[in-house]
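So the chains spell out like this:
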Amino acid sequence: MSYQSLEEINELCREQNIPFWRAVLKDDMNERTVSEEESFLTMEGMWNAMLSASEDYDERLHSSSGLVGGIGGQMERYREKGDTLCGDFVSRVIVQALQMGESNACMKRIVAAPTAGACGVIPAVLVPMYKEGHIDREQIIQALYVTAGIGQVIASRAFIAGAAGGCQAEIGTASSMAAGALAFLKGGDNEQIVHAAAMALKNLLGLVCDPVAGLVEVPCVKRNVIGAVNALSAADMALAGITSQIPPDQVIDAMKEVGESMHVSLRETGEGGVANTPRAKEIVARLGK
């Protein structure tokens, strides 16, 4: 993508009086030399894959390590009791995040958004809204262009891989993308979209990547939940008119600085954080046998 900043996207939007998603669509059409219809079909394919992954969840499946499996169903049964602290919608978001993360760990087909380890965040907030009839398919596709624009700028200015910048680069980026999409879907303007993205990313600065046994399972699956719920809160703040005191692009630059400052043990090597706890070492020993 040609955009190097969120401000650049919004500047074009102001000049041409177009929404954020259309600026991203236009760039995709130019970059890949495709028509608007062809671009929409590609994005619709990703949405269909997200829906399929949601509908094909099977709580009986466990990852080969045995560390992950069944908790998405467990959370769903708890939600159905109707007595959650978070309320029904947020509980649906939690269920979806867990189920998508587990599906990834069980080698089912998912959409890396922006990575496999963070695949649950965006569908966690979009699928429940869609299934409950709050938004239609066209709005969903437009929202996915919003996520794509935010994610690409972060990838360009910083990174989206845990090995490069810690989990802030994966779950943090996914949460930022999701927050922008939510702000858009709730009628937020272009400025609210980027401020929602900035606040979501800022809230997760410093999040380390410390997978137990080097597997994208623990604590990765449950971190998809915090990324999704964080996106909801950031979007609501932006929609209330609250802004990030640090400009959105500067937040992205700060994330890069933090990631580059992280010790290598905290960047997907499985050598630090919870991956270095006694329990984690027991798991590594068991799997080694």
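Just so you know, these numbers come straight off a predicted model, no measurement behind them.

Secondary structure summary: the chain contains 13 helices and zero strands in total. The order of α-helices and β-strands along the chain, N terminus first, is α-α-α-α-α-α-α-α-α-α-α-α-α. In terms of overall size, the chain behaves like a compact globule, its C-alpha atoms giving a radius of gyration of 18 Å where 289 residues would be expected to give roughly 19 Å. Taking the principal axes of the C-alpha coordinates as reference, the chain spans close to 60 × 45 × 40 Å. Counting across all 289 residues of the chain, residues that qualify as buried make up 53%.

Before going further, it helps to examine the pattern of salt bridges. Applying the stated criterion across every chain, the model contains 15 salt bridges. Residues Asp210 and Arg223 are paired through a salt bridge, measuring 2.9 Å at the closest nitrogen-oxygen approach. With Asp210 in the loop between α10 (190-203) and α11 (220-239) and Arg223 in helix α11, the pair connects residues that are 13 residues apart, well separated along the chain. Each member of the pair, Asp210 as well as Arg223, is classed as buried. In this structure, a network of salt bridges that share partners links the residues Glu76, Arg79, Asp88, Arg92 and Glu132.

To continue, consider the nonpolar core. Judged by nonpolar contacts, the single largest core of 81 residues is most densely connected at Phe20, Trp47, Leu126 and Ile150. Top element by residues in this core is helix α9 (residues 171-185). It accounts for ten residues. What Leu126 contacts, discounting residues up to four positions off in sequence, is Trp47, Ile135, Ile140, Leu144, Ala181 and Leu185.

The next thing to look at is the side chain of Gln99. By the element assignment, Gln99 lies in helix α5 (residues 88-105). A polar atom in the side chain of Gln99 sits 3.5 Å from the backbone oxygen of Gly72. What Gln99 contacts, discounting residues up to four positions off in sequence, is Ser54, Tyr57, Gly72, Gly73 and Glu76.

It is worth spelling out the environment of Glu268 at this point. Summarising the element assignment, Glu268 is placed in the loop between α12 (248-261) and α13 (278-288). For Glu268, a relative accessible area of 33% corresponds to the partly exposed category. The sequence separation of Glu268 and Tyr78 amounts to 190 residues, and the corresponding C-alpha distance is 32 Å. Of the polar contacts made by the side chain of Glu268, one reaches the backbone nitrogen of Ala163; its length is 2.8 Å.

All right, on to the packing of helix α1 (residues 6-16) against α10 then. Where α1 meets α10, the axes come as close as 10 Å, and the angle between the chain directions of the two elements is 170°. For the element pair α1 / α10, the angle class is roughly antiparallel. The segment α1 lies against α10, with Leu6, Glu7, Asn10, Cys13 and Arg14 engaging Asn190, Glu191 and Val194. Looking at the contact of α1 with α10, its residues break down into three nonpolar, two polar and three charged.

This part covers α11. In a regular helix each residue adds 1.5 Å, so 20 residues correspond to 28 Å; α11 covers 29 Å between its end C-alpha atoms and thus fits that length. Of the residues one or two after α11, Gly241 is the one with positive phi, at around 95°.

For the structure on display, the rule yields four aromatic pairs. Here the aromatic rings of Trp47 and Tyr130 are separated by 5.3 Å at their centres, their planes lie at 85°, and the arrangement is edge-to-face. Here Tyr130 lies in helix α6 (residues 121-131) and Trp47 lies in helix α3 (residues 36-55), a separation of 83 residues in the sequence. Residue class for Trp47 comes out buried when judged on its relative accessible area of 0%. Residue Tyr130 is classed as partly exposed on the basis of its relative accessible area, which comes to 24%.

This brings us to the environment of Ser176. Tracing the backbone through its elements, the reader meets Ser176 in helix α9. Residues Ser176 and Ala196, spaced 20 residues apart in sequence, show a C-alpha to C-alpha distance of 7.2 Å.

Relative orientation of the contacting elements helix α2 (residues 20-32) and α3 amounts to 105°, with a least axis distance of 9 Å. Accordingly, the angle class assigned to the pair α2 and α3 is roughly perpendicular. Only Glu36, Glu38, Ser39, Phe40 and Thr42 of α3 make contact with α2, whose side of the interface consists of Trp21, Arg22, Leu25, Asp28, Met29 and Arg32.

In this section: unusual backbone geometry. With an omega dihedral of 5°, the bond running from Ala113 to Pro114 counts as a cis peptide bond. Take Pro114: it is sitting in the loop between α5 and α6. Of note, the amide linkage connecting Val218 to Pro219 takes the cis form, showing an omega dihedral of 5°. Note on placement: Pro219 falls in the loop between α10 and α11. Of note, Asn17 is a non-glycine position whose phi angle comes to about 55°, a positive value. Structurally, the position occupied by Asn17 is in the loop between α1 and α2. Despite not being glycine, Glu268 shows a phi value in the positive range, around 65°.

Thresholds, definitions, all that
Residues numbered from 1 in each chain as written. Predicted model: local features only at pLDDT ≥ 70, side-chain atom pairs only at ≥ 80, totals over all residues. Heavy atoms only, no water. Helix = DSSP H or I, 4+ residues; strand = E, 2+ residues; numbered from the N terminus. Rg over C-alpha atoms; globule rule 2.2 N^0.38 Å. Buried < 20%, exposed > 50% of the residue type's maximum accessible area, 1.4 Å probe, protein only. Salt bridge = Lys/Arg side-chain N within 4 Å of Asp/Glu carboxyl O. Core = buried A, V, L, I, M, F, W, Y, C linked by side-chain atoms within 4.5 Å. Contact = heavy atoms within 4.5 Å. Polar contact = N/O pair within 3.5 Å; in protein donor to acceptor, adjacent residues only side chain to side chain. Axes fitted to C-alpha atoms, helices over the stretch in contact; angles between N-to-C directions. Parallel < 35°, antiparallel > 145°, perpendicular 65-115°, else oblique. Nonpolar A, V, L, I, M, F, W, Y, C, P; charged D, E, K, R; others polar. Expected span 1.5 Å × (residues − 1). Phe/Tyr/Trp six-rings, centres within 6.5 Å; stacked < 30°, edge-to-face > 60°.

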